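# Fold and geometry: a report
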Amino acid sequence: MVKRSKKINLDTIIFIIISIVMLFIPIVKIISYICNYIGLTKDIFVINQVYVLYLSIPFLLTTYIVKKKNITWYDGFIYFLIITAIISTLFAVNKKVSILGFYGRYEGLITLISYYLIFLNVKEIKNRKYYKYLIYIFIFLGLFQTQNAFLQVFSDYKYIIRAEKPFMAMAFCGNPNFYGSYMVMLTLITSVLYLINKKCFILYIIFFIGLILANSTGPFLGYILAIIFFIIIYKKHIKLSRVGILLFTSIICFLSVNYILEIKQSKNENFKLEENYTIKSDLLNINNKEEGSQKIDNGRIDIWKRSLPLVKKYFSVGAGIDNYYFVFKDYPLDKAHNIYLQILVTNGLPSLLLYLGLCLLVFIRNIKFKDPLTTALFVAFVGYSIQGFANISVIDVAPYFYIIMGIIASEICIEKNLDEQVLT
């Protein structure tokens with residue numbers, strides 16, 4: 001009885017720490033925006049979410065050490081990822097940036113350690129109810145973020161902080177691309193649960209519209225490819241009638257949102273849709289090869305090509321975590337716009353292989369259908385991983401990805417099933 005009580009208490013402590021991290025990442029961003037708006041600070045990065053991650057490290061490290069008994073493959077991958085990250089920092093072009101991260105990004109060594117500890121702690125939770133609560137929090141935050149996204153695009157309130165392009169929602173994620181990667185996970189979780197006969201239809205519509213409002217093609221295609229993957233692989237567990245409803249609703253939502261944006265543009269001179277930054281235009285021009293035509297990659301392929309010499313030069317230990325700006329000399333750029341290429345250039349080939357090995361392990365162990373929630377989280381993991389080919393990792397979004405990955409990597413999900421009465 002005593003041992004059981006300790007386990008429950010540790011699970012509760014981990015849940016509280018992770019919940020605080022989840023909640024305070026957007027809260028600190030809001031505080032930063034408010035302070036900037038009222039003139040207390042001119043720099044929105046002075047008050048930064050990264051401090052939430054920093055403060056969580058000693059607590060997460062303690063709970064992990066106390067709770068951990070057996071070393072698994074997941075733990076091994078994380079240990080070696082930390083080792084390679086330290087080595088990369090020791091040989092970094094700019095060691096300070098490698099430790100703290102590039103200005104405004106702050107995805108340095110300390111931040112990576114916080115991600116890894118979040119993953120390690122979440123997967124050690126044995127009380128399955130906490131996993132459901134974490135997803136509830138994520139969904140609640142998603143609704144809050146999407147509400148702000150609606151206000152950014154459709155309202156004219158002067159105190160709403162908007163993206164540089166007013167038709168692109170960024171919510172409290174700092175950038176439409178980041179908000180898009182945030183929405184990928186939530187849209188996939190709710191749409192998958194709906195297709196498996198769960199009552200998530202309204203949530204799916206809200207998050208899908210949020211994904212559209214981001215107007216970021218990479219995350220949008222990540223969602224499309226992941227949902228197709230889900231339908232093909234898990235077709236035996238899907239209500240086929242709902243696939244048609246999902247497809248029809250998605251098309252109607254997409255066309256309606258774009259139509260409303262076009263109407264808003266016609267009535268407001270300050271609201272201008274730019275084809276180079278809309279999903280609709282990107283999708284319509286996929287096969288347009290005329291010189292000067294809009295490209296769906298928005299210059300990313302050019303960035304990747306120009307990064308190839310850096311791969312050859314820094315493949316062993318990397319240029320240093322978050323040091324991309326210091327080695328990419330063609331023009332000012334601090335990220336490779338590809339999570340995997342970013343790791344390869346800045347952290348080195350060993351780090352990339354370890355990260356891919358961790359993701360592959362999660363993928364292989366969870367591809368078999370288990371229960372609705374676990375499967376929905378797994379597809380969200382797949383969708384985020386796909387969109388990572390055209391997007392970057394940021395502190396506004398990455399912790400939630402590691403939480404999801406930690407849940408589906410837990411022994412509860414591997415050996416048992418989460419309660420099927422989820423979100424009903």
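Residues numbered from 1 in each chain as written. Predicted model: local features only at pLDDT ≥ 70, side-chain atom pairs only at ≥ 80, totals over all residues. Heavy atoms only, no water.

Looking only at helices and strands, the protein has 18 helices and 0 strands in total. Here the protein has a C-alpha radius of gyration of 21 Å; the compact-globule value for 424 residues is 22 Å, and the two agree. A principal-axis box enclosing the C-alpha atoms of the protein has dimensions of 70 × 55 × 45 Å. Residues counted as buried form 57% of the 424 residues belonging to the protein. Taking contacts inside the protein between residues at least 6 apart in sequence as the whole, the part at least 24 apart equals 76%. Accessible surface, the protein: about 19,400 Å² in total, of which carbon and sulfur atoms supply 65%. Computed over 43 positive and 25 negative side-chain charges, the inter-centroid distance for the protein is 9 Å. (Helix = DSSP H or I, 4+ residues; strand = E, 2+ residues; numbered from the N terminus. Rg over C-alpha atoms; globule rule 2.2 N^0.38 Å. Buried < 20%, exposed > 50% of the residue type's maximum accessible area, 1.4 Å probe, protein only. Contact = heavy atoms within 4.5 Å. Areas by Shrake-Rupley, 256 points an atom, 1.4 Å probe, with all protein chains shown as cover. Lys, Arg positive; Asp, Glu negative; His and termini not counted. Charge placed at Lys NZ, Arg CZ, Asp CG, Glu CD.)

Let us now look at unusual backbone geometry. The backbone of Asn197 sits at a positive phi, close to 75°, despite the residue not being glycine. With respect to the secondary-structure elements, Asn197 resides in the loop between α7 (176-195) and α8 (201-214). The partly exposed category is assigned to Asn197, whose relative accessible area is 39%. Backbone geometry places Asp322, a non-glycine residue, at a positive phi of 60°. Secondary-structure assignment places Asp322 in the loop between α12 (300-314) and α13 (324-327).

Our next topic: the environment of Ala380. Within the secondary structure layout, Ala380 lies in helix α16 (residues 372-387). For Ala380, a relative accessible area of 0% puts it in the buried group. Spatially, the C-alpha atoms of Ala380 and Val184 are 7.0 Å apart, while their sequence positions differ by 196 residues.

Once that is clear, we can look at the state of the cysteines. Tallied over the full model, the rule gives 0 disulfides. Free of any disulfide, Cys200 has its nearest neighbouring cysteine sulfur in Cys253, separated by 15 Å. Overall, Cys200 belongs to the buried group, its relative accessible area being 1%. (Disulfide = S-S within 2.5 Å.)

Here helix α3 (residues 73-90) contains 18 residues, and its C-alpha end-to-end distance of 26 Å stays within 8% of the 26 Å for a straight helix at 1.5 Å per residue. Along α3, the positions that sit buried rather than exposed are Tyr74, Asp75, Gly76, Phe77, Ile78, Leu81, Thr84, Ala85, Ser88 and Thr89. (Expected span 1.5 Å × (residues − 1).)

Our focus in this paragraph is the packing of aromatic side chains. Tallied over the full model, the rule gives 42 aromatic pairs. Aromatic side chains Tyr51 and Tyr54 sit 6.2 Å apart centroid to centroid with 70° between the ring planes, which places their arrangement in the edge-to-face category. Of this pair, Tyr51 and Tyr54 both sit in helix α2 (residues 50-67), 3 residues apart, which is roughly one turn of the helix. Plain terms: the ring middles of Phe201 and Tyr204 are 5.8 Å apart, the flat faces sit at 50° to each other, and that makes the pair tilted. (Phe/Tyr/Trp six-rings, centres within 6.5 Å; stacked < 30°, edge-to-face > 60°.)

Okay, empty space enclosed by the protein next. Going through the model one piece at a time under the given rule, you end up with 2 cavities of 30 Å³ or more. Taken as a whole, the largest cavity spans an internal volume of roughly 300 Å³. Contributing elements (two or more residues each) for the lining of the largest cavity: α5 (109-124), α14 (339-346), α15 (349-366) and α17 (398-408). Per-element tally for the lining of the largest cavity: the top contributor is α14, with 4 residues. Residues belonging to the lining of the largest cavity are distributed by class as follows: 13 nonpolar, 5 polar and 3 charged. What the second largest cavity holds in volume is close to 30 Å³. As for the second largest cavity, its lining consists of Lys29, Ser32, Ile44, Phe45, Ile47, Asn48 and Gln49. (1 Å grid on protein atoms, 1.4 Å probe; cavity = no way out; pocket = protein on both sides within 12 Å on 5 of 7 lines; lining within 4 Å. Points joined across faces, edges and corners; volume = space filled by probe spheres on them. Nonpolar A, V, L, I, M, F, W, Y, C, P; charged D, E, K, R; others polar.)

One can describe the packing of α16 onto α17 by two numbers: an axis separation of 9 Å at closest approach and a directional angle of 135°. With respect to their mutual orientation, α16 and α17 come out oblique. Where α16 crosses over α17, the handedness of that crossing is left-handed. Side by side, α16 and α17 meet where Thr374, Leu377, Phe378, Ala380, Phe381, Tyr384 and Ser385 of the first sit next to Ala398, Phe401, Ile404, Met405, Ile407 and Ile408 of the second. (Axes fitted to C-alpha atoms, helices over the stretch in contact; angles between N-to-C directions. Parallel < 35°, antiparallel > 145°, perpendicular 65-115°, else oblique. Left-handed = near helix turned anticlockwise from the far one by under 90°.)

A separate point is α5. The terminal C-alpha atoms of α5 lie 23 Å apart, and with 16 residues this matches the ideal 22 Å at 1.5 Å per residue to within 8%. Along α5, 14 of the 16 residues are buried, which leaves the element largely enclosed by surrounding structure.

A cluster of nonpolar side chains, Ile34, Tyr37, Ile38, Leu40, Leu151, Tyr157 and Tyr159, forms an exposed patch at the surface whose accessible area comes to about 760 Å². In this structure, Ile38 sits in the loop between α1 (2-37) and α2. Residue classification places Ile38 among the exposed positions, given a relative accessible area of 54%. (Patch = residues over 30% accessible without salt bridge, like charges linked within 9 Å, V, L, I, M, F, W, Y side chains within 5 Å. Salt bridge = Lys/Arg side-chain N within 4 Å of Asp/Glu carboxyl O.)

What follows concerns the confidence of the model for the protein. Caution applies to low-pLDDT parts of the model: their predicted coordinates are not meant to be read in detail. Across the protein, the average pLDDT comes to 91, with 92% of residues at or above 70. Between the elements of the protein, mean pLDDT differs from a low of 62, seen in helix α18 (residues 411-415), to a high of 98, seen in helix α4 (residues 95-100). Here residues 419-424 is modelled with pLDDT under 50, and outside its nearest four sequence neighbours on either side it reaches 16 contacts, counting other chains as well. (pLDDT = per-residue confidence, 0-100.)

A few words on the pattern of salt bridges. Using the criterion set out here, one finds 14 salt bridges in the structure. One salt bridge connects Lys68 with Asp75, and the closest N-O pair in it is separated by 2.9 Å. Looking at Lys68, the relative accessible area reads 15%, which means it is buried. A salt bridge links Glu124 to Lys123, with the nearest nitrogen and oxygen atoms 2.7 Å apart. Glu124 gets classed as buried once you look at its relative accessible area, which sits at 8%.

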